[in-house]
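Okay, here's what each chain looks like letter by letter:
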Amino acid sequence: MSADLPLEDPARRVNRPGAARGEHAWDRTIRLWDGYFAVAWAATLVFVLAAAHPGFPVRAVAAALLVPLVPWYAVVGRPLLQEDPPDQGQALRYLTAAIALFLPSAVLVGETRLMAFALIPQCFMTLRLRWSLAAVSVINLVPVAGWALLWQPSGADLFANFLFSVVTLVFSVVIGSWIIRIIEQSWERAELIAELDASRHEISRLSTAHGALAERERMAREIHDTLAQGFTSLLMLIQAVEAELDHDVPQARRHLALMDETARQNLAEARALVAGAAPADLDGTSLPDALRRLAARHEATLEVKGPVRPLPAAPEVVALRSCQEALANARKHAGSSAAVGIALAYSDDALTVSVRDDGCGFDPGAPCDGYGLAGLRARAGEVGGTAQVRSTPGDGTTVTVCLPVSLPVPPGRSSS
């Protein structure tokens, strides 16, 4: 411990800001210190009055000098012990006055030295280490020296009292230093616990913020893959109808029917998003059936390979959304005349969906400001899958999403 630092004592840390988990045990011990001081003072008074030497008038004077210590402690000392940290000037004034009341009585009657056991802890509680050691030395040694000069005791009595004061001084220094180290370690632990609690709160806040951000990203992908795609389809169909009204009314009517179906599908998707339910296309149907309806709306072909089986909702949703994204990109970038095909493949441990168009293609390494491909990869990654985009300018585009799935366990057989 640095000699220039004030001591953290057990009686004065009350509701310190930043203290971890409420008050420490020592924050509630000021009454115990009050009781300890009262017992030490009363015992000293009894020993002084009952001493065999010197005469009663001297003992009465010594006892009278001890009486002001009680109000002095109650008015000045007790509040000082509860300060954090104690004011050093106030502490020096308090202990100087207390020692000034103690020393004459201790010089007159040797039994007064019992009061040192109440004053010494307060030195360590309120003063810096160097000042507390000086005060403790005065409390232990000066009474013996004054008593010896005043009463001229025998050599044996002088040696015994001097030896007792030295032992008491060493004991006080050792115990005081040990207490200081214990209190310092307790305070350091309290600070660490406070920092840990603050870190936990920060982690909780960041986790909440991350969850909110993840949910916003999820909703952005859902809206992009459903409502935004649907509205894009509606705009393209409107443009087609406007171009066909004058020369191809039957085709315009067919596109109007697709507009009606797309609008209804968008409405169903919006309701599913609000309710947090499965995509409307997957509601009560299988993934291949959902993809067939999706392919029909986009005038694409569908090929299903492998044994079709029910799968967990997560990979089926990702497969459907990936197809929606890939088909929307094909309609937007490949051109209306491009042929588009969907391939859905079931295997024992994977579900693979590919969307291929023979349109104009693009350079996959070129910078892309769109959200769709990044969202497609992020969605596949959430279920442990991968998404690959292969394209060459002038040679079409293929989007392949591979999702891991587990093979269903036959009834009556363990999965191990």
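Residues numbered from 1 in each chain as written. Predicted model: local features only at pLDDT ≥ 70, side-chain atom pairs only at ≥ 80, totals over all residues. Heavy atoms only, no water.

### Quick word on the overall build of the protein chain
Consideration 1: The number of helices and strands found in the protein chain is 11 helices and five strands.
Consideration 2: When each of the 416 residues of the protein chain is scored for burial, the buried share is 40%.
Consideration 3: Relative to all contacts within the protein chain whose residues are 6 or more apart in sequence, the contacts with residues 24 or more apart total 68%.
Consideration 4: As presented, the protein chain carries roughly 22200 Å² of accessible surface, and 63% of it is formed by carbon and sulfur atoms. (Helix = DSSP H or I, 4+ residues; strand = E, 2+ residues; numbered from the N terminus. Buried < 20%, exposed > 50% of the residue type's maximum accessible area, 1.4 Å probe, protein only. Contact = heavy atoms within 4.5 Å. Areas by Shrake-Rupley, 256 points an atom, 1.4 Å probe, with all protein chains shown as cover.)

### Some words on the sheet that holds strand E2 (residues 340–346)
Consideration 1: With respect to topology, five strands assemble into an open sheet ordered E1-E2-E3-E5-E4, the strand pairing being mixed. At either margin of the open sheet sits one strand with a lone partner, and together these are strand E1 (301–305) and strand E4 (386–391). Geometrically, the sheet is characterised by an average inter-axis angle of 10° between neighbouring strands, direction not taken into account.
Consideration 2: Across seven bridges, the pairing between E2 and strand E3 (residues 350–357) is antiparallel. Bridging from a neighbouring strand, Ile-342 pairs with Val-355 of E3. (Pairing = 2+ DSSP bridges. Axes fitted to C-alpha atoms, helices over the stretch in contact; angles between N-to-C directions.)

### What to know about helix H9 (residues 287–297)
Consideration 1: Listing the buried residues of H9 in full gives Leu-287, Pro-288, Ala-290, Leu-291, Leu-294, Ala-295 and Arg-297.
Consideration 2: Once H9 finishes, Glu-299 follows within two positions and takes phi at roughly 55°, a positive value.

### Concerning empty space enclosed by the protein
Consideration 1: Considering all chains together, one arrives at three cavities of 30 Å³ or more under this definition.
Consideration 2: Lining the second largest cavity are Arg-113, Ala-116, Phe-117, Ile-139, Asn-140, Val-144, Asn-161, Phe-164, Ser-165 and Thr-168.
Consideration 3: Counting residues per element, the ones that place at least two in the lining of the second largest cavity are helix H5 (116–126), helix H6 (129–151) and helix H7 (155–244).
Consideration 4: In terms of residue class, the lining of the second largest cavity is made up of five nonpolar, four polar and one charged. (1 Å grid on protein atoms, 1.4 Å probe; cavity = no way out; pocket = protein on both sides within 12 Å on 5 of 7 lines; lining within 4 Å. Points joined across faces, edges and corners; volume = space filled by probe spheres on them. Nonpolar A, V, L, I, M, F, W, Y, C, P; charged D, E, K, R; others polar.)

### Digging into helix H2 (residues 56–66)
Consideration 1: Those residues of H2 that sit buried are Arg-59, Ala-62, Ala-63 and Leu-66. Around the axis of H2, the buried residues are gathered within 100° of arc, so they sit on the same side.
Consideration 2: For H2, the elements touching its buried residues are helix H1 (30–49), helix H3 (69–81) and helix H4 (88–108). (Arc of directions from axis to C-beta.)

### Some remarks on the pattern of salt bridges
Where side chains of opposite charge bring their charged atoms close, a pairing between them can arise.
Consideration 1: Considering all chains together, one arrives at six salt bridges under this definition.
Consideration 2: A salt bridge links Arg-200 to Asp-197; the nearest nitrogen and oxygen atoms lie 3.9 Å apart. Of this pair, Arg-200 and Asp-197 both sit in helix H7, three residues apart, which is roughly one turn of that helix.
Consideration 3: What makes Arg-200 partly exposed here is its relative accessible area of 48%. (Salt bridge = Lys/Arg side-chain N within 4 Å of Asp/Glu carboxyl O.)

### Focus: the environment of Ala-116
Consideration 1: In this fold, Ala-116 is placed in helix H5.
Consideration 2: When its relative accessible area of 5% is taken as the criterion, Ala-116 is described as buried.
Consideration 3: Setting aside residues up to four positions removed in sequence, Ala-116 forms contacts with Phe-102, Pro-121 and Ile-139.

### Section: the pairing of strand E5 (residues 397–404)
Across a regular strand the side chains alternate sides, sitting on one face of the sheet and then on the other.
Consideration 1: Most of E5 is tucked away: six of the eight residues are buried.
Consideration 2: Pairing analysis gives eight bridges linking E3 to E5, with the strands arranged antiparallel. Within the sheet, the bridge partner assigned to Leu-351 lies in E5 and is Leu-403.
Consideration 3: Two elements, E4 and E5, share six bridges in a ladder whose sense is antiparallel. The partner of Gln-388 across the bridge, within E5, is Thr-400.
Consideration 4: As consecutive antiparallel partners, E4 and E5 are separated by five residues, and within that stretch Gly-394 has a phi angle of approximately 90°, a positive value.

### Some remarks on the nonpolar core
Consideration 1: The biggest cluster of nonpolar side chains holds 39 residues, and the ones touching the most others in it are Leu-69, Phe-102, Met-115 and Ile-139.
Consideration 2: Elements supplying a minimum of two residues to this core: H1, H2, H3, H4, H5, H6 and H7.
Consideration 3: Element by element, the count of residues in this core is highest for H4, at eight residues.
Consideration 4: For Phe-102, the residues in contact, after removing those within four places along its chain, are Thr-112, Arg-113, Met-115, Ala-116, Leu-119, Ile-139 and Pro-143. (Core = buried A, V, L, I, M, F, W, Y, C linked by side-chain atoms within 4.5 Å.)

### Thoughts on the side chain of Asn-140
Consideration 1: Take Asn-140: it is sitting in helix H6.
Consideration 2: Asn-140 gets classed as buried once you look at its relative accessible area, which sits at 4%.
Consideration 3: Among the polar contacts listed, one links the side chain of Asn-140 to the backbone oxygen of Val-136, at a separation of 2.8 Å.
Consideration 4: The residues touching Asn-140, leaving out its near neighbours within four places in the chain, are Ile-120, Ser-165, Thr-168, Leu-169 and Ser-172. (Polar contact = N/O pair within 3.5 Å; in protein donor to acceptor, adjacent residues only side chain to side chain.)

### Side note on the confidence of the model for the protein chain
Consideration 1: Counting all residues, the mean pLDDT for the protein chain is 81, and 84% of those residues have values of 70 or more.
Consideration 2: With pLDDT under 50 throughout, residues 1–22 is counted as low confidence; its partners more than four residues away or in other chains account for 67 contacts.
Consideration 3: Within the model, the stretch residues 409–416 combines pLDDT values under 50 with two contacts to residues more than four positions away or in other chains. (pLDDT = per-residue confidence, 0-100.)

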